[in-house]
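Listed below are the residues making up each chain.
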Amino acid sequence: MALIIDGNPFVLVMPTIFSQFSQNSSDYEERYDMATVVRLIRYISFIILILGPSPSSFPRFWEQCFLYAMVTFTGAFPTCS
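This one's a predicted model, so the numbers in the text were calculated from it and none came from an experiment.

The next subject is the overall build of the protein chain. Helix and strand counts for the protein chain come out as three helices and two strands. Reading the protein chain from its N terminus to its C terminus gives the helix and strand order β-β-α-α-α. Excluding contacts between residues fewer than 6 apart, the proportion of contacts in the protein chain whose partners are at least 24 apart in sequence is 10%. Here the protein chain has roughly 7400 Å² of accessible surface; of this, 70% comes from carbon and sulfur atoms.

Okay, structure coming up:
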């Protein structure tokens, strides 16, 4: 079923479920295992997008991730000189 309004170039397809928005026509042309992996990446990306930090805090967030990785993997604390 679709909702079509006269004079509006957009169509609202309804009813639908969330998984239909993550499926792509190219998924049916790929191997089953590869299409499943790509679909899982789409789901994980959506969860990260929803639960992740806001765009205004991205620079600070990535700075903290970089510093954490530096201290964790090298054991060296950054110094300001």
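To continue, consider the pattern of salt bridges. Under the counting rule described, the total for this entry stands at one salt bridge. Between D33 and R31 there is a salt bridge whose closest N-O contact spans 3.1 Å. Residue classification places R31 among the exposed positions, given a relative accessible area of 55%.

Scored by pLDDT, the protein chain has a mean of 80; 88% of the residues are at 70 or more. Within the protein chain, helix 1 (residues 18–21) has the poorest average pLDDT of any element, 78, and helix 2 (residues 32–51) the best, 87.

Quick look at unusual backbone geometry now. Note that the residue after M14, namely P15, is joined by a cis bond; omega there is -15 degrees. Topologically, P15 is positioned in the loop between strand 2 (11–13) and helix 1.

Of note, Q23 is situated in the loop between helix 1 and helix 2. The partly exposed category is assigned to Q23, whose relative accessible area is 35%. Along the primary structure Q23 and A35 are separated by 12 residues, whereas in three dimensions their C-alpha atoms are 9.2 Å apart. When neighbours within four sequence positions are excluded, Q23 is seen to be in contact with Y28, R39 and R42. One polar contact links Q23 to Y28, side chain to side chain, over a distance of 3.3 Å.

What follows covers the environment of V13. Relative to the elements of secondary structure, V13 occurs in strand 2. The spatial distance from the C-alpha of V13 to the C-alpha of A2 is 4.4 Å, given a sequence separation of 11 residues. Among all residues touching V13, those that are not within four sequence positions of it are M1 and A2.

A word on a nonpolar patch on the surface. Together, F18, F21, F46, I47, L49, I50 and L51 give the surface a local cluster of nonpolar side chains, amounting to about 810 Å² of exposed area. Elements with a contribution of two residues or more to the nonpolar patch: helix 1 and helix 2. Considering every element that reaches the nonpolar patch, the biggest residue donor is helix 2, with five residues. Looking at the element boundaries, L51 is found in helix 2. On the basis of relative accessibility, which here comes to 69%, the residue L51 falls in the exposed class.

Procedures and definitions
Residues numbered from 1 in each chain as written. Predicted model: local features only at pLDDT ≥ 70, side-chain atom pairs only at ≥ 80, totals over all residues. Heavy atoms only, no water. Helix = DSSP H or I, 4+ residues; strand = E, 2+ residues; numbered from the N terminus. Contact = heavy atoms within 4.5 Å. Areas by Shrake-Rupley, 256 points an atom, 1.4 Å probe, with all protein chains shown as cover. Salt bridge = Lys/Arg side-chain N within 4 Å of Asp/Glu carboxyl O. Buried < 20%, exposed > 50% of the residue type's maximum accessible area, 1.4 Å probe, protein only. pLDDT = per-residue confidence, 0-100. Polar contact = N/O pair within 3.5 Å; in protein donor to acceptor, adjacent residues only side chain to side chain. Patch = residues over 30% accessible without salt bridge, like charges linked within 9 Å, V, L, I, M, F, W, Y side chains within 5 Å.

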